[in-house]
Amino acid sequence: MTTMTKTKSANALPLNTILAGDCIEVMNSLPEASVDLIFADPPYNLQLRGDLHRPDNSKVDAVDDAWDQFSSFAAYDRFTQDWLAAARRLLKPNGAIWVIGSYHNIFRVGAALQNEGYWILNDVVWRKANPMPNFRGKRFTNAHETMIWASKAEGAKYTFNYEALKSLNEGIQMRSDWVLPICNGGERLKDDNGDKAHPTQKPESLLHRVLVGSTNPGDVVLDPFFGTGTTGAVAKMLGRDYIGIEREEAYRKVAEKRLANTRKYDREALMVSTSKRAEPRVPFGQLVERGMLRPGEELLSMNGRHKAKVRADGTLIGDDVKGSIHQVGAALEGAPSCNGWTYWCFKRDGKVVPIDLLRQQIRAEMAN
């Protein structure tokens, strides 16, 4: 991993590097339609007025850095429009973007996303399991941030690993409200003085869920507001390539050290659950063509109630019903539909074998 200054050449993607400079200028110097996913944590424009203190009068280490300060809403909107336009230029046709923000900025960002031609897929509420309290006691505790997930355009394809997210959630469909802790403890990076290296460092758990759910190994993930490199660290661990853009030298130094100590998971560990629809299609007739099942061979329903014979063209016949493995199964059960792959089995050496095992055998061969 290396740090690079922006260059005039746009011939190749500088993978697994941190680029120094203004994010808009750097993004405009990179090749068009070259990135699979963008995760952006832009300045929130918190509009803090003076110091923030706890009830004991101790000062809160709030976000008062120059990079979060804008002269007006109009100035912030121009900045947002410019970086979103540069980001959309970089996305592949099937690419997508995640933008995280708070109530200070996320509504303005959402409108800008739509104005730039993005198509919003979801807004996800990150509910913080351990939020910072409202010390003044004049408002609700600000216990969440909002992420907007959008494709490049209406109708555009995008990656969504539904089954993997479902597996992360103990077999239940992943919802759009995520309860995860803020970055603290050993994960919180410190500078040479022992202070927080970055005031808004995001937890790795948040990026893990984003990247597992909306990218695949080998994809290119760009973060135009790289900070201390959470996006890069998680991307590296998960076998994705990353590009970071960060103008602040102090953050780049912390990120470089962090990434140098980050290791990629082994190849087997990177595999995730996929939808059956995503697997290669195998016609039942192919089992007959290859002699895995013979014409005239008898299939049995898994519930033991029905039988059917295999025909040379890959159809079945049973009880005067003819058709595909799905049609015959549905007719025999009097059901509107049937998944023949899980309904039928056959016998080998006295053992009952689901026909789906033969399909999986062919799929395994196709993958090699």
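Quick caveat, the model's predicted, so the values are computed rather than measured.

Caption draft 1: How the structure looks around the sheet that holds strand 10 (residues 298–301). Spatially, 13-12-11-10-14-15 is the arrangement adopted by the six strands of the open sheet, whose pairing is antiparallel. Edge positions in the open sheet fall to strand 13 (321–323) and strand 15 (351–354), since each of these has one partner strand only. Direction aside, neighbouring strands of the sheet carry axes that sit 35° apart on average. Two strands pair when backbone bridges link them, and strand 14 (residues 344–348) and strand 15 are joined in this way by four bridges, in the antiparallel orientation. Bridged to Lys347 within strand 15 is Val352. With respect to the sheet, helix 10 (residues 325–333) is in contact with strand 11 (307–310), strand 12 (316–318), strand 13 and strand 14, its orientation differing from that of strand 13 by roughly 155°.

Caption draft 2: Up close: the pattern of salt bridges. A full pass over the atoms with the stated rule returns 12 salt bridges. Between Asp41 and Lys202 there is a salt bridge, and its shortest N-O distance comes to 2.8 Å. Of this pair, Asp41 sits in the loop between strand 3 (35–40) and helix 2 (73–90) while Lys202 sits in the loop between strand 7 (177–180) and helix 5 (204–214), and the two are 161 residues apart along the sequence. This pair shows no difference in class: Asp41 is buried, exactly as Lys202 is.

Caption draft 3: A look at the confidence of the model for the protein chain. Predicted confidence across the protein chain gives a mean pLDDT of 88, with 90% of residues reaching 70 or more. In this model, residues 49–54 is a region of pLDDT below 50 whose contacts with residues beyond four sequence positions or in other chains number 13 contacts.

Caption draft 4: Seen up close, the nonpolar core. In terms of nonpolar packing, the biggest core is built from 33 residues, with Trp98, Met147, Trp178, Leu206, Val210 and Leu211 touching the most fellow members. Among the elements that line this core, the one with the most residues is helix 5, at five residues. Not counting residues up to four positions away in its chain, the partners in contact with Trp178 are Trp98, Val124, Val125, Trp126, Arg127, Met147, Leu206, Arg209 and Val210.

Caption draft 5: Examining the packing of aromatic side chains more closely. The final tally for this structure, using the stated rule, is 11 aromatic pairs. Both rings, one in Trp98 and one in Trp178, keep their centres 5.9 Å apart while their planes meet at 45°; by these two values the pair is tilted. Within this pair, whereas Trp98 is found in strand 4 (residues 91–101), its partner Trp178 is found in strand 7, the two being separated by 80 residues in sequence. Exposure class is identical for Trp98 and Trp178. Each is buried. An aromatic cluster is present here, built from Trp98, Trp149, Tyr158, Phe160, Tyr162 and Trp178 joined pairwise through their rings. The ring of Trp126 carries the charged tip of Lys128 above its face, separated from the ring centre by 5.3 Å. A cation sits over an aromatic face here: Arg209 above Trp178, 5.0 Å from the ring centre.

Caption draft 6: Highlighting helix 10. Taken together, the buried positions of helix 10 are Ile325, Val328, Gly329, Ala330 and Leu332. Within two residues after helix 10, Gly334 carries a phi angle of roughly 65°, on the positive side.

Caption draft 7: Local environment of the packing of helix 5 against helix 6 (residues 230–237). It is at 9 Å that the axes of helix 5 and helix 6 come closest, and there the two elements cross at 55°. As the angle between them shows, helix 5 and helix 6 are arranged oblique. As helix 5 runs across helix 6, the sense of the crossing is right-handed. Side by side, helix 5 and helix 6 meet where Glu204, Leu207, His208 and Leu211 of the first sit next to Thr230, Thr231, Ala233, Val234, Ala235 and Met237 of the second. Split into classes, the residues belonging to the contact of helix 5 with helix 6 amount to six nonpolar, three polar and one charged.

Caption draft 8: Structural context of helix 6. For helix 6, the buried fraction is high: seven of the eight residues fall into the buried class. Looking at helix 6, one finds that the buried residues are Thr230, Thr231, Gly232, Ala233, Val234, Ala235 and Met237. Looking at the packing, one finds that the buried side of helix 6 touches strand 3, helix 5, strand 8 (220–223), strand 9 (241–246), helix 7 (249–260) and helix 8 (267–270). Count one or two residues on from helix 6 and you reach Gly239, which has phi positive near 75°.

What counts, and where the lines are drawn
- Residues numbered from 1 in each chain as written.
- Predicted model: local features only at pLDDT ≥ 70, side-chain atom pairs only at ≥ 80, totals over all residues.
- Heavy atoms only, no water.
- Pairing = 2+ DSSP bridges.
- Helix = DSSP H or I, 4+ residues; strand = E, 2+ residues; numbered from the N terminus.
- Axes fitted to C-alpha atoms, helices over the stretch in contact; angles between N-to-C directions.
- Contact = heavy atoms within 4.5 Å.
- Salt bridge = Lys/Arg side-chain N within 4 Å of Asp/Glu carboxyl O.
- Buried < 20%, exposed > 50% of the residue type's maximum accessible area, 1.4 Å probe, protein only.
- pLDDT = per-residue confidence, 0-100.
- Core = buried A, V, L, I, M, F, W, Y, C linked by side-chain atoms within 4.5 Å.
- Phe/Tyr/Trp six-rings, centres within 6.5 Å; stacked < 30°, edge-to-face > 60°.
- Lys NZ or Arg CZ within 6 Å of the ring centre and 35° of its normal.
- Parallel < 35°, antiparallel > 145°, perpendicular 65-115°, else oblique.
- Left-handed = near helix turned anticlockwise from the far one by under 90°.
- Nonpolar A, V, L, I, M, F, W, Y, C, P; charged D, E, K, R; others polar.

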